[in-house]
Amino acid sequence: MKNAVKAVALEIDGTLYANWRLYVRIVPYVLKNMSFFLKYAKVRSVLHRTAPLGDFYEYQARLLALEMKIDNESAKQKITKIVYEGLAPYLKKVKPYSHIKETFLALKEAGYKLAILSDFPPSQKGDIWGTEHLFDVICGSEALGALKPSKYTFGILAAKLEVKPTEVLYVGNSISADVKGAAAAGMKTAYLMPFWRRLFNKPLPEADISYKNYRQLKKFILN
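Keep in mind it's a predicted model, so treat the numbers as computed, not measured.

1. Re the side chain of Lys125
Right, so step 1: Following the sequence through the fold, Lys125 ends up in the loop between strand E2 (113-118) and strand E3 (137-140).
Right, so step 2: Since its relative accessible area comes to 2%, Lys125 is described here as buried.
Right, so step 3: Filtering out sequence-adjacent residues up to four positions away, Lys125 remains in contact with Ile12, Asp13, Leu91, Lys92, Ser118 and Phe120.

2. Observations concerning the nonpolar core
Right, so step 1: Formed by 50 residues in total, the largest nonpolar core has its most connected members in Val8, Leu10, Leu16, Phe36 and Ile221.
Right, so step 2: Broken down by element, the residue count for this core peaks at 6 residues, all from helix H3 (residues 56-68).
Right, so step 3: Not counting chain neighbours up to four residues away, the residues in contact with Leu16 comprise Leu10, Glu11, Pro96, Tyr97, Ile100, Phe104, Ile116, Ile128, Trp129 and Tyr214.
Right, so step 4: In terms of nonpolar packing, the next biggest core, distinct from the first, is built from 17 residues, Ala115, Val137, Leu161 and Ala185 among them.

3. Notes on the side chain of Ser118
Right, so step 1: One can find Ser118 in strand E2.
Right, so step 2: Polar side-chain contacts of Ser118 include one of 2.6 Å to the side chain of Glu11.
Right, so step 3: Those residues in contact with Ser118, other than ones at most four positions away along the chain, are Glu11, Ile12, Asp13, Lys125, Cys139, Gly140 and Ser141.

4. With respect to the sheet that holds E2
Right, so step 1: Read across the sheet, 6 strands follow the order E3-E2-E1-E4-E5-E6 without closing on themselves; strand pairing throughout is parallel. In this open sheet, the two edge strands, each paired with only one partner strand, are E3 and strand E6 (209-211). If you compare each strand with its neighbour and ignore which way they point, the axes differ by 20 degrees on average.
Right, so step 2: As paired elements, strand E1 (residues 7-10) and strand E4 (residues 168-172) share 4 bridges and run parallel to each other. Considered in E4, the bridge of Ala9 is made with Tyr170.
Right, so step 3: Taken strand by strand, helix H11 (residues 214-222) contacts E1, E4, strand E5 (188-192) and E6, and its axis lies near 155 degrees from that of E6.

5. What to know about helix H2 (residues 34-47)
Right, so step 1: Helix length check: H2, at 14 residues, gives a terminal C-alpha distance of 20 Å against a target of 20 Å (1.5 Å per residue), a fit within 8%.
Right, so step 2: For H2, every residue scored as buried is listed here: Phe36, Phe37, Tyr40, Val43, Arg44 and Leu47. What you see down the axis of H2 is that its buried residues fit within an arc of 120 degrees, all on one side. Exposed residues lying more than 90 degrees from the buried face of H2 are Leu38 and Lys42.

6. Notes on the environment of Tyr90
Right, so step 1: By the element assignment, Tyr90 lies in helix H5 (residues 88-93).
Right, so step 2: Put simply, Tyr90 and Leu22 are 68 residues apart on the chain and 7.0 Å apart in space, counted from C-alpha to C-alpha.
Right, so step 3: Once residues within four sequence positions are removed from consideration, Tyr90 is found in contact with Leu22, Arg25, Ile26 and Tyr29.

7. As for a nonpolar patch on the surface
Right, so step 1: Where nonpolar side chains cluster on the molecular surface, the patch consists of Val27, Leu31, Met34 and Leu38 and spans about 360 Å² of accessible area.
Right, so step 2: Broken down by secondary-structure element, the contributors of at least two residues to the nonpolar patch are helix H1 (19-32) and H2.
Right, so step 3: Turning to its location among the elements, Leu31 is positioned in helix H1.

8. What to know about the pairing of E5
Right, so step 1: In terms of burial, E5 is largely enclosed, as 4 of its 5 residues are buried.
Right, so step 2: Strand direction decides the pairing type here: E4 and E5, joined by 4 bridges, are parallel. The partner of Tyr170 across the bridge, within E5, is Thr189.
Right, so step 3: Since E4 and E5 lie parallel, the crossover through helix H9 (residues 175-184) that links them has a hand, and here it is right-handed.
Right, so step 4: Sheet topology places E5 next to E6; 3 bridges connect them, and they run parallel. Within the sheet, the bridge partner assigned to Leu192 lies in E6 and is Tyr211.

Conventions we followed
- Every chain begins its residue count from 1, and numbering advances along the sequence as written.
- Per-residue local features of the predicted model are confined to residues with pLDDT of at least 70, and side-chain atom pairs are confined, for both listing and counting, to 80 or more; whole-chain, interface and lining totals are unaffected and use all residues.
- Side-chain metrics rest on all non-hydrogen atoms present in the structure, leaving aside hydrogens and water.
- Strands are runs of DSSP state E lasting at least two residues, helices are runs of H or I lasting at least four, and both sets are numbered from the N terminus onward.
- Each residue gets one of three labels from its accessible area relative to the maximum for its type: buried under 20%, exposed over 50%, partly exposed in between, using a 1.4 Å probe on protein chains only.
- For this analysis, residues touch if any pair of their heavy atoms sits within 4.5 Å.
- Residues grouped as a nonpolar core are buried Ala, Val, Leu, Ile, Met, Phe, Trp, Tyr and Cys residues, joined through side-chain atoms within 4.5 Å.
- N or O atoms within 3.5 Å of each other form a polar contact, as long as, within protein, one can give a hydrogen and the other can take it, and as long as residues adjacent in sequence are counted only when both atoms are side-chain atoms.
- Only strands that DSSP links by at least two bridges are regarded as paired with each other.
- Axis definition: a line fitted to C-alpha atoms, limited for helices to the stretch in contact. Angles are taken between N-to-C directions and run from 0 to 180 degrees.
- An expected span of 1.5 Å times one less than the residue number is assigned to each helix.
- Taken from the helix axis, the directions to the C-beta atoms give the arc we talk about.
- Excluding any residue in a salt bridge, patches collect residues exceeding 30% relative accessible area, merging like charges within 9 Å and nonpolar Val, Leu, Ile, Met, Phe, Trp and Tyr side chains within 5 Å.
- Where accessible areas are quoted, they stem from the Shrake-Rupley method and a 1.4 Å probe; at the residue level, only the protein chains shown are allowed to cover.
- A pairing counts as a salt bridge when a side-chain nitrogen of Lys or Arg comes within 4 Å of a carboxyl oxygen of Asp or Glu.
- Note on handedness: a crossover is taken as right-handed if, strands pointing away from the viewer, the path from the first strand over the helix to the second is clockwise.

Just geometry here; none of it tells us what the structure is for.
This is the structure:
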């Protein structure tokens, strides 16, 4: 792994922090906007299966407009207000996993390029818990035109890093979007195991690396 990889890229949501830490914070907010979030979830499900788009945000708004029976501009404003702006304060305050900064520093010192590729705007997370300056590339898949697991999106990430897809280790917590998506694009993959896999020591067969915490991930990559 050490000689084959030149760049390490990561998802943010559910990978740099535990999803439950966010969910307990946003329960009142989601309940307040439950009707919207149910319809928005349907839209995102479609978008995860959609080919690359020239204007992702316009198409997303169009799909939501059909679901909510409103005009496109109103749909776009709702997404901005409720999702992109409304969730940002919660995301910036959620506690990240332990040892992420020391792991990133060690990887940088070892000569690896670092990147973020997340389905939601990385800017929602502020300075990514004090690590933003360590990344060579930070991008949201929406701005690239297609959500994961699109091979197109992973391909653009590799191009931005100026490495081959086979030289990228992509780190995530979703089997379908992160592990299978990155692998289909030719990348190596690291999977953050959920609690039950950690408890029973059940690595994910499809991933090149299955890890329990960030010190273990650092060890796997550097050794």
